[in-house]
Each structure stands twice: as structure tokens, then as C-alpha cells.
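Notes for the structure review
The primary structure of each chain is shown beneath.
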Amino acid sequence: GGASKAIYTWVGIAEQESFPPDVSAAVIGKTDCKYHDYGEGRHVIHAFGPDLRKMPDAWDTAVEVLASTYCNILREFLDSGLPNLRLLPVSGGILVGQYQKQMPELTIAALRRGFLMLLVRQQAMIVGRHVDLCIFLEAELGEFEAVVRAAC
């Protein structure tokens with residue numbers, strides 16, 4: 001899709017038939033994540049988010065599965081040793097299903113829960129680093145900003 005395709009083009013794998021072997025071996029089911037260094041400052045945490053279209057009317061389940069995915073992303077970020085993380089909302093775009101209008105609230109609820117799933121020492125390490133939530137579609141930015149402001 002849109003954001004994934006842009007990232008794959010940026011790292012130079014858009015035309016490849018498969019991911020690097022370490023990514024393919026680690027990312028096999030929902031919530032799985034794997035950091036990979038593509039060189040030249042191109043770092044990616046590949047994440048397998050849930051297909052929210054298959055979770056109609058299941059807000060709590062969607063939050064929990066997304067929270068597990070975000071927790072795993074944050075762990076990969078810590079293990080990478082990098083100081084900055086640019087994070088896209090997981091399972092947005094074509095996987096969002098009926099949650100399209102609720103995606104900002106769903107993302108922040110799941111990200112908060114995923115952060116709380118980390119060990120306290122891991123939480124402290126995240127707080128010491130820089131995390132940006134990157135919104136692919138400019139039309140969605142205002143809603144995400146409002147939800148983030150309300151959550152802080």
C-alpha cells in the first residue's frame with residue numbers, strides 16, 4: 001500500500017520478491033516485528049499488524065493486538081540502539097476496516113498500552129529517546145494531533 005510502498009522504495013526493496021532472510025524468518029504472524037539495517041542510514045522495523053477488517057465491533061481486541069505489535073516495535077527500537085524512531089500507525093490504510101474514523105484514538109490507545117507492556121527499565125529507555133508518530137496522509141494529521149494533545 002501507500003506508506004509501505006514508499007518505505008520499500010526508499011530502502012530499495014520495492015522490486016524484490018522477498019524481504020531479507022532475517023526479516024522473513026522473524027515476521028511470520030500478526031504482532032511480529034524485526035529491525036533491519038539496509039545501510040546508508042536506512043533503518044526499518046518491519047511489523048506485521050492485524051487486519052482490522054477481520055475485527056468488526058471488537059475495539060478491545062483491536063487495541064490489545066495493536067498494543068502487542070507496538071510493544072514489539074518499541075522493543076526492536078530499543079534493541080537497535082538508534083536514538084530516533086519514526087513510527088507509522090500500524091494497520092492503517094487498507095487494513096483499517098470500520099475503524100477508519102477512529103484510527104487516531106485506536107492508535108494512541110494501543111501505543112499507550114504497548115508502552116505499558118514494556119518493563120519499567122525499557123519504558124525509561126524509550127523516554128530517553130525520540131519517537132515521532134508519522135502520519136502518511138496529510139488529511140488525517142489534524143485528527144491525530146488533536147488526539148495526541150488530549151492524551152498528554
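Everything below is about the structure printed above this text.
First things first, this report covers the structure right here in the doc. (Residues numbered from 1 in each chain as written. Predicted model: local features only at pLDDT ≥ 70, side-chain atom pairs only at ≥ 80, totals over all residues. Heavy atoms only, no water.)

Right, let's talk about the packing of aromatic side chains for a bit. Here the structure, examined in full by the defined rule, presents two aromatic pairs. Ring centres 6.3 Å apart and planes at 50° place the aromatic pair Trp-59 and Tyr-99 in the tilted group. Remark: Tyr-99 occurs in the loop between strand E3 (84-87) and helix H4 (103-116) and Trp-59 occurs in helix H3 (residues 59-80); sequence separation between them is 40 residues. Of note, Arg-129 hangs over the ring of Phe-77, and the distance from its end group to the ring centre comes to 5.2 Å. (Phe/Tyr/Trp six-rings, centres within 6.5 Å; stacked < 30°, edge-to-face > 60°. Helix = DSSP H or I, 4+ residues; strand = E, 2+ residues; numbered from the N terminus. Lys NZ or Arg CZ within 6 Å of the ring centre and 35° of its normal.)

Turning our attention to unusual backbone geometry. In this structure, Thr-31 takes a positive phi of about 85° despite not being glycine. Position of Thr-31 relative to the elements: it lies in the loop between helix H2 (21-26) and strand E1 (33-37). We note that Ser-91 has phi near 65°; this positive angle belongs to a residue other than glycine.

In this structure, the largest pocket occupies an estimated 1,600 Å³ of space. Lining the largest pocket are 47 residues; nearest its centre among them are Ala-3, Ser-4, Ile-7, Leu-88 and Pro-89. Contributions of two or more residues to the lining of the largest pocket are made by helix H1 (2-11), H2, strand E2 (43-47), H3, E3 and helix H6 (138-151). For the lining of the largest pocket, the leading source of residues is H1, giving seven residues. (1 Å grid on protein atoms, 1.4 Å probe; cavity = no way out; pocket = protein on both sides within 12 Å on 5 of 7 lines; lining within 4 Å. Points joined across faces, edges and corners; volume = space filled by probe spheres on them.)

Taken N-terminus to C-terminus, the directions of H3 and H4 make an angle of 55°; their axes are 7 Å apart at the nearest point. By the criterion of interaxial angle, the relationship of H3 to H4 is oblique. In this structure, H3 crosses over H4, and the sense of that crossing is right-handed. Two secondary-structure elements touch here, H3 through Trp-59, Ala-62, Val-63, Glu-64, Leu-66, Ala-67, Tyr-70, Cys-71 and Leu-74 and H4 through Glu-105, Leu-106, Thr-107, Ala-109, Ala-110, Leu-111, Arg-113, Gly-114 and Phe-115. Residues belonging to the contact of H3 with H4 are distributed by class as follows: 13 nonpolar, two polar and three charged. (Axes fitted to C-alpha atoms, helices over the stretch in contact; angles between N-to-C directions. Parallel < 35°, antiparallel > 145°, perpendicular 65-115°, else oblique. Left-handed = near helix turned anticlockwise from the far one by under 90°. Contact = heavy atoms within 4.5 Å. Nonpolar A, V, L, I, M, F, W, Y, C, P; charged D, E, K, R; others polar.)

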